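Structural characterization, general
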Amino acid sequence: MMKHLRRFLLMLGVVSFLGILTGCSSFNDNHLETPQNDVDSEQSESSGSDDSTNGEDSDDGNPTTNELTVVASDLDAPWSIQKAGERFYISERDGAIVTIIDGEVTRQPVQLEKELAAQSEAGFMGFVLAPDFEDSQEAYAYYTYQGDDGTYNRIVTIKLTDNEWQETGVLLDNIPSGNLHAGGRLAIGPDDKLYATVGDIYEEEIAQDKDSLNGKILRLELDGSIPSDNPFEDSYVYSYGHRNPQGLTWLSDGTFYASEHGSQANDEINRIEAGKNYGWPMIEGDETNDDMETPIVHSGSSETWAPSGLATDDDSLYIAALRGNAVLKMDLADQTIEPIVSDVGRIRDVIVDGDYLYFISNNTDGRGNPSEDDDKLYRIGIAGE
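Read on for a plain summary of the structure.

How each quantity is defined
- Residues numbered from 1 in each chain as written.
- Predicted model: local features only at pLDDT ≥ 70, side-chain atom pairs only at ≥ 80, totals over all residues.
- Heavy atoms only, no water.
- Core = buried A, V, L, I, M, F, W, Y, C linked by side-chain atoms within 4.5 Å.
- Buried < 20%, exposed > 50% of the residue type's maximum accessible area, 1.4 Å probe, protein only.
- Helix = DSSP H or I, 4+ residues; strand = E, 2+ residues; numbered from the N terminus.
- Contact = heavy atoms within 4.5 Å.
- Pairing = 2+ DSSP bridges.
- Phe/Tyr/Trp six-rings, centres within 6.5 Å; stacked < 30°, edge-to-face > 60°.
- Lys NZ or Arg CZ within 6 Å of the ring centre and 35° of its normal.
- Salt bridge = Lys/Arg side-chain N within 4 Å of Asp/Glu carboxyl O.

**Let's talk about the nonpolar core**
Judged by nonpolar contacts, the single largest core of 21 residues is most densely connected at Ile155, Leu172, Leu186, Leu194 and Leu218. For this core, the secondary structure elements donating two or more residues are β6 (124-129), β7 (138-147), β9 (164-176), β11 (194-198), β12 (216-220) and β13 (237-240). Leu172 has contacts with Arg154, Ile155, Leu213, Leu218, Leu220 and Tyr236, leaving out every residue within four places of it along the chain. Among the nonpolar cores identified, the runner-up in size contains 19 residues, and Ala139, Ala141, Tyr152 and Ile158 belong to it.

Have a look at this one:
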């Protein structure tokens, strides 16, 4: 029911939004993303069909690199992948966590204190297991809800008990949200801090306001307090000037990367440093400005990736591309980017585990063209690439 309601509201919202654009000539197209380039405002051209094959390991035990294995099917708008031992945990936007082991899918409800919002980019999104999850059965989550005076995001703790997840505490609340650009990714860094991406909610000027949590990457202690070594005093803000960041990853040496959606293409991969300004809405792509950071790579002005989740094996970054309908591989040595998977539709998240890359398609979120058994968790070998 929630999925059908979200899709109806999405269609209604797009019609209303286009009507506003038609009647208001004061909008500047250079600073308002068109539906064509917005990751979550237009359906993908991809068929979303499953052209993959069930790749098998080679005789010597090394994984193949040119075939896909479908690990699990029938996921519902999945958003984040986590793995503990041999078990996968995948968040779904409608408020569930799917567990997968040996191909068997179990959908576990998440009981939240606030009712999930139904906007087109809202819902239960960021999800990361606690470092001591095997003992504590606790995790962290990021979700959107409708408050009395607006829509908000919040970061909470949840716990798995008797095959059901329950919200157990609030780390950060009242983060303004909206119809678009909520961000939503959570990750625990090598410093054992919790990082969160928050979008500019289509109010681009607040990305430069260090007193606002929007258009930022945030850094929290695992108990929700502000780390004493954050770059701005008494602030969760770790970096600012972001438009809609959705991917976070670190190399083994601590180098920190984030993915970000551009406005007119110009999607970005940034190297993140504490306290730095990443330019939105003042600059994007190759543009420069004093005291602002330019991306290490970007998609250019004519290509759209709509990058979401990120992962690394220290030699390469792997980028989940939504509108790009691909898993992209970026060689860290020469910063070249190429697709390694491009025939399964929208991709929301990726993780590296040993010699394998795992990723989830995202064709059932109201913007793709799902096949009958979408969405899926896939595996592809990356050893020797």
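**Examining the sheet that holds strand β14 (residues 245-250)**
Sheet architecture is open: 4 strands sit in the order β14-β15-β16-β17, paired in antiparallel fashion. At either margin of the open sheet sits one strand with a lone partner, and together these are β14 and β17 (297-298). Both strand β16 (residues 268-271) and β17 contribute to a ladder of 2 bridges, which runs antiparallel. Each bridged residue has a counterpart across the sheet, and for Glu268 the counterpart in β17 is His298.

**Remarks on unusual backbone geometry**
With omega at 5 degrees, the peptide bond leading from Trp280 into Pro281 counts as cis. Within the secondary structure, Pro281 is located in the loop between β16 and β17. Look at the link from Asp374 to Asp375: it is a cis peptide, with omega at -5 degrees. Its identity is not glycine, yet His181 carries a phi of approximately 60 degrees, on the positive side.

**Quick look at the environment of Ser342**
Relative to the helices and strands, Ser342 is located in the loop between β21 (337-341) and β22 (347-353). Placed 21 residues apart in sequence, Ser342 and Ala321 show a C-alpha to C-alpha distance of 9.5 Å. When residues no more than four places from it in sequence are discounted, the contact partners of Ser342 are Asn325 and Ala326.

**With respect to the packing of aromatic side chains**
For the coordinates displayed, the defined rule picks out 15 aromatic pairs. Ring centres of Tyr89 and Phe133 lie 5.2 Å apart, and the angle between their planes is 75 degrees; this geometry places the pair in the edge-to-face category. A residue pair is termed long-range when its members are at least 10 positions apart, and Tyr89 in strand β3 (residues 87-92) and Phe133 in helix α2 (residues 133-136) qualify at 44 residues. In this pair, the class of Tyr89 matches that of Phe133, namely buried. By the ring-pair criterion, three or more aromatic residues cluster together here, those being Tyr89, Phe127, Phe133 and Trp165. Lying across the ring of Phe88, Lys83 places its NZ or CZ 5.4 Å from the centre.

**A look at the pattern of salt bridges**
Evaluated as defined, the whole model comprises 15 salt bridges. Linking Glu273 and Lys276 is a salt bridge whose minimum nitrogen-to-oxygen distance equals 3.4 Å. A residue is classified by how much of its surface remains accessible, and Lys276, at 27% relative accessible area, is partly exposed. A salt bridge links Arg346 to Asp365; the shortest N-O distance between them is 2.9 Å. Here the residue Arg346 occupies a position in the loop between β21 and β22, and Asp365 occupies one in the loop between β23 (356-361) and β24 (377-381), the gap between them amounting to 19 residues. Owing to a relative accessible area of 1%, Arg346 belongs among the buried residues under this scheme. Classification of Asp365 by relative accessible area gives buried; the value is 3%. The network of salt bridges with common partners includes Arg346, Arg348, Asp365 and Arg367.

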